[in-house]
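Reading the structure
Below are the chains, spelled out letter by letter.
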Amino acid sequence: MTTYGSFPGTRPRRLRTTPAMRRMVAEARLHPADLILPAFVREGITSPVPIEAMPGVVQHTRDTLRKAAVEAVEAGVAGIMLFGVPEDEKKDGAGTAGTDPDGILQLAIRDVRDEVGDDLVIMSDLCLDEYTDHGHCGILDSEGRVDNDATLERYAEMAQVQADAGVHVVGPSGMMDGQIGVIRDALDQTGHEDVTVLAYTAKYSSAFYGPFREAVGSSLKGDRKTYQQDPANTRESLRELALDLQEGADMVMVKPAGPYLDILAKFADAVDVPVAAYQISGEYAMIEAAAEKGWIDREKAILESLTGIRRAGADVILTYWATEVARSLR
């Protein structure tokens, strides 16, 4: 056999020899401040309701939501994204519970702000789907289609009541054309110039949303393919990105995270605003289910999935494991 001096001269394995070495040269690192906790608060319950498809996640009461917010602060989590779950009888075609100053989401915002103040970035889902009896993210026209422009008027109202309740960040998730501009104008015109807009810029029509629909008690009939993005498309997401930035988005998001790391990486390379990624309910449920079967190491799989999202370019990650992981990182 022919030898070439100390061949191989380049040995990448030298930087993998010990845990300390690997830690020193790690390119992507997770930190508690990278994480945002999505949380559900349900009207009319006296104790938390477990979500069957998301083991370990519950629909909170107002009191247990306060406790979860405090625990997130103590763990070093950056923020909490709130989703309201109204009583079924309060749902209607216009989603009026979503703009009621005393609606469940607005009450939850006030509760969390009262409990933790500015120690946690309080975010709110700005969408009608939880509050409509048809489960769509907007107002329906006479033919049963989502009316984009009529829906924008409702989003403007939602932004104002959520801001009045004390939210730091609104997260418009409905994928209506022009939603960021309308919401930004509505906030600015009502003295809420400091409220941040986190745009759900690339929100794909995904099969991985299934458990979330249980979590919010969705009344959806049909699907959302006419307004959420087609999983086959990349250029479309970049077009949405340009529009959201032009309209005034302060941060942009890719949702889901894991199946769309390529889109996330493109966003991170293209913008100079923070980029978020949402590790959604189906991603959570798959790891929990596989771990329950003993097929994977739960903790290692959670950290690997989050590290992959971080490596792809996410500045912040919405994950149902936020508080748990933040504790493990401290």
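Residues numbered from 1 in each chain as written. Predicted model: local features only at pLDDT ≥ 70, side-chain atom pairs only at ≥ 80, totals over all residues. Heavy atoms only, no water.

**Side note on the overall build of the protein**
Along the backbone of the protein there are 11 helices and 10 strands. For the protein, whose C-alpha radius of gyration is 21 Å, the value lies close to the compact-globule estimate of 20 Å for 330 residues. Overall, the protein is about 80 × 45 × 40 Å in size when its C-alpha atoms are taken along their principal axes. Taking all 330 residues of the protein together, 52% fall into the buried category. Accessible area of the protein: about 15400 Å², with a carbon and sulfur share of 49%. (Helix = DSSP H or I, 4+ residues; strand = E, 2+ residues; numbered from the N terminus. Rg over C-alpha atoms; globule rule 2.2 N^0.38 Å. Buried < 20%, exposed > 50% of the residue type's maximum accessible area, 1.4 Å probe, protein only. Areas by Shrake-Rupley, 256 points an atom, 1.4 Å probe, with all protein chains shown as cover.)

**Notes on the packing of aromatic side chains**
Summed over the entire model, instances satisfying the criterion amount to 6 aromatic pairs. On the basis of an interplanar angle of 20° and a centroid distance of 6.0 Å, the ring pair of F40 and Y320 is categorised as stacked. Taken as a pair, F40 in strand β1 (residues 35–42) and Y320 in the loop between β10 (316–318) and α11 (322–329) lie far apart in primary sequence, 280 residues in all. The same class applies to F40 as to Y320, namely buried. Ring geometry for Y284 against Y320: centres 5.8 Å apart, planes inclined by 75°, an arrangement best described as edge-to-face. You can see Y284 sitting in helix α9 (residues 281–292) and its partner Y320 sitting in the loop between β10 and α11, a full 36 residues away along the chain. Here Y284 falls in the buried class, since its relative accessible area comes to 3%. Among the aromatic residues, ring-to-ring pairing joins F40, F83, Y278, Y284, Y320 and W321 into one connected group. The ring of Y209 carries K203 above its face, with NZ or CZ at 5.9 Å from the centroid. (Phe/Tyr/Trp six-rings, centres within 6.5 Å; stacked < 30°, edge-to-face > 60°. Lys NZ or Arg CZ within 6 Å of the ring centre and 35° of its normal.)

**Observations regarding the environment of I36**
Relative to the assigned elements, I36 resides in strand β1. Judged by its relative accessible area of 3%, I36 is buried. Separated by 170 residues in the primary sequence, I36 and S206 place their C-alpha atoms 21 Å from one another. Dropping the residues within four chain positions of it, I36 is found in contact with V77, G79, I80, M81, M123, V316, I317, L318, T319 and A322. (Contact = heavy atoms within 4.5 Å.)

**Structural notes on a positive patch on the surface**
A contiguous patch of positive charge on the surface is contributed by R11, R13, R14 and R16. For R14, a relative accessible area of 48% puts it in the partly exposed group. (Patch = residues over 30% accessible without salt bridge, like charges linked within 9 Å, V, L, I, M, F, W, Y side chains within 5 Å. Salt bridge = Lys/Arg side-chain N within 4 Å of Asp/Glu carboxyl O. Lys, Arg positive; Asp, Glu negative; His and termini not counted. Charge placed at Lys NZ, Arg CZ, Asp CG, Glu CD.)

**What about the pattern of salt bridges?**
Here the structure, examined in full by the defined rule, presents 17 salt bridges. The closest approach of N and O atoms between K90 and E43, which form a salt bridge, is 2.6 Å. In this pair, K90 is assigned in the loop between β4 (79–85) and α3 (104–116) and E43 in the loop between β1 and β2 (49–50), connecting sequence segments 47 residues apart. Under the relative-accessibility criterion, K90 is labelled partly exposed at 37%. Note on E43: relative accessible area 15%, which makes it buried. Residues R298 and E324 are paired through a salt bridge, measuring 2.7 Å at the closest nitrogen-oxygen approach.

**Topic: helix α8 (residues 261–270)**
Among all positions of α8, only I263, L264 and F267 are buried. Summarising the axial view, the buried residues of α8 lie within an arc of 100°, below the 170-degree limit, and thus occupy one face. (Arc of directions from axis to C-beta.)

**So, the packing of α9 against helix α10 (residues 298–312)**
Between two packed helices, both the angle of their axes relative to each other and the distance between the axes serve to describe the pair. Put simply, α9 and α10 touch, their axes get as near as 9 Å, and they point 160° apart. On the basis of the axis angle, α9 is roughly antiparallel to α10. As α9 packs across α10, the resulting crossing turns out to be right-handed. Here I287, E288 and A291 of α9 lie close against α10, whose contacting residues are R298, A301, I302 and S305. (Axes fitted to C-alpha atoms, helices over the stretch in contact; angles between N-to-C directions. Parallel < 35°, antiparallel > 145°, perpendicular 65-115°, else oblique. Left-handed = near helix turned anticlockwise from the far one by under 90°.)

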